[in-house]
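# Structural features, examined
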Amino acid sequence: MSHNSEDSLKLISKIKVKTFAYKSDPEKIKRVGFIADELQEVAPFAVVGDRDAVDKDGNPVYQHIKYAALVPDIIATLQWCIKKIEDLELEFNSSPSSY
């Protein structure tokens, strides 16, 4: 089965990377990652749980992200970028010098 790298590029381009601290972290350590609610809109396959979910006692049930689910699209995007760079380098190196 073939994969369209441009589909992965479009997906990865829509993902917003954020800097945040967990509300429950007393030290408020800054982290880099994704907000599950935002990621779920773009890549629902990578998020488990529902926004604002609570258990039977009313306690929050937090969403979590399956980062591994994004790896194939990240690699396909990287491969697409590498190919693009190689093509541009070839084009640049094979064109007559303007000096």
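Each remark here, short or long, concerns the structure printed above.
Anyway, here's the lowdown on the structure attached to this text. (Residues numbered from 1 in each chain as written. Predicted model: local features only at pLDDT ≥ 70, side-chain atom pairs only at ≥ 80, totals over all residues. Heavy atoms only, no water.)

The subject of this paragraph is the packing of helix α1 (residues 5-14) against helix α3 (residues 71-94). Two elements in contact, α1 and α3, have axes separated by 8 Å at closest approach and are oriented at 110°. Taken together, the axes of α1 and α3 are roughly perpendicular relative to one another. Crossing of α1 over α3 shows left-handed handedness. Residue-level contacts link S5, E6, S8, L9, L11 and I12 of α1 to D73, I74, A76, T77 and W80 of α3. (Axes fitted to C-alpha atoms, helices over the stretch in contact; angles between N-to-C directions. Helix = DSSP H or I, 4+ residues; strand = E, 2+ residues; numbered from the N terminus. Parallel < 35°, antiparallel > 145°, perpendicular 65-115°, else oblique. Left-handed = near helix turned anticlockwise from the far one by under 90°. Contact = heavy atoms within 4.5 Å.)

When the terminal C-alpha atoms of α3 are compared, their 34 Å separation across 24 residues agrees well with the 34 Å that a helix rising 1.5 Å per residue should span. Within α3, the full set of buried residues consists of D73, A76 and T77. (Expected span 1.5 Å × (residues − 1). Buried < 20%, exposed > 50% of the residue type's maximum accessible area, 1.4 Å probe, protein only.)

Turning next to the pattern of salt bridges. Counted according to the given criterion, the structure contains 5 salt bridges. In this structure, E38 engages K18 in a salt bridge whose closest nitrogen and oxygen atoms are separated by 3.5 Å. Of this pair, E38 sits in helix α2 (residues 36-42) while K18 sits in strand β1 (residues 18-20), placing them 20 residues apart in sequence. Its relative accessible area of 29% is what places K18 among the partly exposed residues. Two residues, D25 and R31, come together in a salt bridge whose shortest N-O distance is 4.0 Å. For R31, a relative accessible area of 33% translates into the label partly exposed. (Salt bridge = Lys/Arg side-chain N within 4 Å of Asp/Glu carboxyl O.)

Here the structure, examined in full by the defined rule, presents 2 aromatic pairs. When the ring of F20 is compared with that of Y22, the centres are 5.4 Å apart and the planes differ by 80°; the resulting orientation is edge-to-face. Looking at Y22, the relative accessible area reads 44%, which means it is partly exposed. (Phe/Tyr/Trp six-rings, centres within 6.5 Å; stacked < 30°, edge-to-face > 60°.)

In this section: the nonpolar core. One broad rule of soluble globular proteins: the nonpolar side chains tend to lie buried together. Residues L11, I15, F34, A36, L39, A43, A46, V47, I65 and L70 constitute the largest nonpolar core, which totals 10 residues. With residues up to four places along the chain from it excluded, the contact list for F34 reads I15, K16, V17, F20, L39, I65, Y67 and L70. (Core = buried A, V, L, I, M, F, W, Y, C linked by side-chain atoms within 4.5 Å.)

Below, the discussion takes up the environment of V42. By the element assignment, V42 lies in helix α2. For the pair formed by V42 and D57, sequence separation is 15 residues and the distance between their alpha carbons is 31 Å. The contact partners of V42, leaving out residues within four places of it in the chain, are L11, K14 and I15.

Take the side chain of S8 next. Position of S8 relative to the elements: it lies in helix α1. Assessed through its relative accessible area of 0%, S8 is described here as buried. A distance of 2.5 Å separates a polar atom in the side chain of S8 from a polar atom in the side chain of D73. Setting aside residues no more than four positions away along its own chain, S8 makes contact with H3, D73, A76 and T77. (Polar contact = N/O pair within 3.5 Å; in protein donor to acceptor, adjacent residues only side chain to side chain.)

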